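# Analysis of the macromolecular model
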Amino acid sequence: MSDENLHNKFQEAVAFLNAYTKPLPADTLLKLYAYYKIANKNFNHPGSKTPLINAFKANALIQAQSISVEEAMKNYIELVDELRRREKENPSEFDG
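The sections below set out a description of the structure shown in this document. (Residues numbered from 1 in each chain as written. Predicted model: local features only at pLDDT ≥ 70, side-chain atom pairs only at ≥ 80, totals over all residues. Heavy atoms only, no water.)

For the rest of this paragraph, the subject is the packing of helix 2 (residues 26-39) against helix 4 (residues 69-89). Where helix 2 meets helix 4, the closest approach of the two axes is 8 Å, and the angle between their N-to-C directions is 145°. Seen from above, helix 2 lies across helix 4 with left-handed handedness. Where helix 2 abuts helix 4, its residues Thr28, Lys31, Leu32, Tyr35, Tyr36, Ile38 and Ala39 lie against Val69, Ala72, Met73, Asn75, Tyr76, Leu79 and Val80. In terms of residue class, the contact of helix 2 with helix 4 is made up of eleven nonpolar, two polar and one charged. (Axes fitted to C-alpha atoms, helices over the stretch in contact; angles between N-to-C directions. Helix = DSSP H or I, 4+ residues; strand = E, 2+ residues; numbered from the N terminus. Left-handed = near helix turned anticlockwise from the far one by under 90°. Contact = heavy atoms within 4.5 Å. Nonpolar A, V, L, I, M, F, W, Y, C, P; charged D, E, K, R; others polar.)

This is the structure:
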């Protein structure tokens, strides 16, 4: 996949998720958070006002720290694609 194609697919996945309003499992959100931060080369500390949330976010980043920007984008896209597939196959699983 070309860099431009990967970047476009990543931006589409981000837009989809930003518009998504149904609840997601915390572990999925943390993975998406870490992949997004790495993909955007944003290694600032988490900015939540809740220390526990910051700890979970920091831990997610630590767990994913060895992957490249490209891998982070691909992983993010894969998680969003999996979410789309699961929602299409079983819509009741995602009722809020």
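Our focus in this paragraph is the packing of aromatic side chains. Applying the stated criterion to the full structure yields four aromatic pairs. Seen from their ring centres, Phe16 and Tyr20 are 5.5 Å apart, and the 45° between their planes marks the pair as tilted. On the basis of relative accessibility, which here comes to 14%, the residue Tyr20 falls in the buried class. Consider the rings of Tyr36 and Tyr76, whose centres lie 6.3 Å apart with planes at 50°: the pair is tilted. Linking Tyr36 in helix 2 with Tyr76 in helix 4, this pair joins segments that are 40 residues apart in sequence. Taking the relative accessible area as the measure of exposure, Tyr76 reaches 4% and is therefore buried. A network of ring pairs unites the aromatic residues Phe10, Tyr36 and Tyr76 as a single cluster. It is Arg84 that lies over the ring of Phe16; its NZ or CZ is 4.2 Å from the centre. (Phe/Tyr/Trp six-rings, centres within 6.5 Å; stacked < 30°, edge-to-face > 60°. Buried < 20%, exposed > 50% of the residue type's maximum accessible area, 1.4 Å probe, protein only. Lys NZ or Arg CZ within 6 Å of the ring centre and 35° of its normal.)

Considering all chains together, one arrives at three salt bridges under this definition. For the salt bridge of Glu87 with Lys22, the shortest nitrogen-to-oxygen distance reads 2.7 Å. One end of the pair, Glu87, is in helix 4; the other, Lys22, is in the loop between helix 1 (3-19) and helix 2, and 65 residues separate them in sequence. A relative accessible area of 32% means that Lys22 is categorised as partly exposed. (Salt bridge = Lys/Arg side-chain N within 4 Å of Asp/Glu carboxyl O.)

This part is about helix 1. With 17 residues, helix 1 extends 24 Å between its outermost C-alpha atoms, agreeing within 8% with the 24 Å of an ideal straight helix rising 1.5 Å per residue. Taken together, the buried residues of helix 1 touch helix 2 and helix 4. (Expected span 1.5 Å × (residues − 1).)

Time to look at the nonpolar core. By size, the foremost hydrophobic cluster in this structure holds 24 residues, and its most contacted members are Phe10, Leu17 and Tyr76. When residues of this core are traced back to their parent elements, those giving at least two are helix 1, helix 2, helix 3 (51-63) and helix 4. The element contributing the most residues to this core is helix 4, with seven residues. The contact partners of Leu17, leaving out residues within four places of it in the chain, are Leu24, Leu32, Tyr76, Val80 and Leu83. (Core = buried A, V, L, I, M, F, W, Y, C linked by side-chain atoms within 4.5 Å.)

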